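# Chain and residue survey
So you can see what is in the structure, the chains are spelled out below.
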Amino acid sequence: MPDGSGKFKLGVLGSGSGSNMQAILDAIEEGSLNAEIVLVLSDNPDAYILERAKKSGIPAEIIDCQGYKTRFPDDSQKLIAEKLKDHGVDIVCLAGFMRLVKQPMLDVFPDRILNIHPSLLPAYPGLMAWQQAVEDGAQESGCTVHYVDAGMDTGPVILQARVPVLPHDTADSLHARIQEQEHQLYPEAIKLVWKKLSHTQ
Ligand code: GAR
């Protein structure tokens, strides 16, 4: 819950570089997002997102997935949900988190878990969406922030941004341009969700 400053609390889960988490932090620092990131969690001990968190003085921990390469075991989800609750988290942001979140977390944070995905969902769900778009010969792609449900990239859309696929785009060049849009979109979507939640609390 928000403290006296009115700031609401975010928990971020990521598996990679964490540029989206950085964009959220930048929006907070610029004063355009009245929130704070109170906990960063990663299933990948080498993920740069953990470094970013440490540099910003944010508690960061590794998620123990019990040796599973891609699964997010129920027990691990329960533990993570408790941790996030203990830190007073209002909204959970998946930012490049590569495991499927299911009921154990959804039950604790109903309509409070968001994900950013690098395509105009429902097009190209799953991994490497930018590569799927290039291989498919798409003329347009983009990014989506959506609520997380028990499916893979299937939850209700909150905001989307369009990005043209240019004739000479490679998977990497398209992903780089999509990421520029992601970094604008995620803070905006968080703001919208918090506004909605504060009106219904
Ligand atoms: C982002 O492009 C995000 O949309 C994507 O991973 C990247 C993470 O970048 N997520 C997915 O593909 C989820 N299915 P980041 O670690 O620099 O934020």
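For the structure, see preceding data.
Everything quoted here is computed from the prediction, not taken from an experiment.

## Describing the sheet that holds strand S1 (residues 8-13)
Strand order in the open sheet made by the seven strands is S3-S2-S1-S4-S5-S6-S7, with mixed pairing throughout. In this open sheet, the two edge strands, each paired with only one partner strand, are strand S3 (60-62) and strand S7 (157-164). The mean inter-strand angle of the sheet, taken between neighbouring strand axes irrespective of direction, is 20 degrees. As paired elements, strand S4 (residues 91-94) and strand S5 (residues 113-117) share three bridges and run parallel to each other. By the bridge assignment, Leu94 is partnered in S5 with Asn115. This element, helix H1 (residues 19-30), spans S1, strand S2 (35-42) and S5 of the sheet and lies at about 165 degrees to S2.

## What about the pattern of salt bridges?
In the structure shown here, the tally under the stated rule is five salt bridges. With its nearest N and O atoms 2.8 Å apart, the salt bridge here joins Asp43 to Arg99. Taken together, the residues span a long stretch of sequence, with Asp43 in the loop between S2 and helix H2 (48-55) and Arg99 in the loop between S4 and helix H4 (103-106) at a distance of 56 residues. For the pair Asp43 and Arg99, one class covers both residues: buried.

## Looking at the nonpolar core
In this structure, Leu10, Ile37, Ile91, Leu114, Tyr186 and Ile190 are the most contacted members of the largest nonpolar core, which totals 44 residues. Broken down by element, this core gets its largest block of residues, 10 residues, from helix H6 (residues 171-200). With sequence-adjacent residues up to four places away left out, Tyr186 is seen in contact with Asn20, Ile24, Cys93, Leu94, Ala95, Leu114, Asn115, Ile116 and Val145. The next biggest cluster of nonpolar side chains, apart from the first, holds 20 residues, and it includes Val38, Leu41, Ile80 and Leu84.

## Looking at the packing of aromatic side chains
In this structure the tally under the stated criterion is two aromatic pairs. Directly above the ring of Tyr68 sits Arg71, whose terminal nitrogen or CZ lies 4.3 Å from the centroid.

Conventions and cut-offs
- Residues numbered from 1 in each chain as written.
- Predicted model: local features only at pLDDT ≥ 70, side-chain atom pairs only at ≥ 80, totals over all residues.
- Heavy atoms only, no water.
- Pairing = 2+ DSSP bridges.
- Helix = DSSP H or I, 4+ residues; strand = E, 2+ residues; numbered from the N terminus.
- Axes fitted to C-alpha atoms, helices over the stretch in contact; angles between N-to-C directions.
- Contact = heavy atoms within 4.5 Å.
- Salt bridge = Lys/Arg side-chain N within 4 Å of Asp/Glu carboxyl O.
- Buried < 20%, exposed > 50% of the residue type's maximum accessible area, 1.4 Å probe, protein only.
- Core = buried A, V, L, I, M, F, W, Y, C linked by side-chain atoms within 4.5 Å.
- Phe/Tyr/Trp six-rings, centres within 6.5 Å; stacked < 30°, edge-to-face > 60°.
- Lys NZ or Arg CZ within 6 Å of the ring centre and 35° of its normal.

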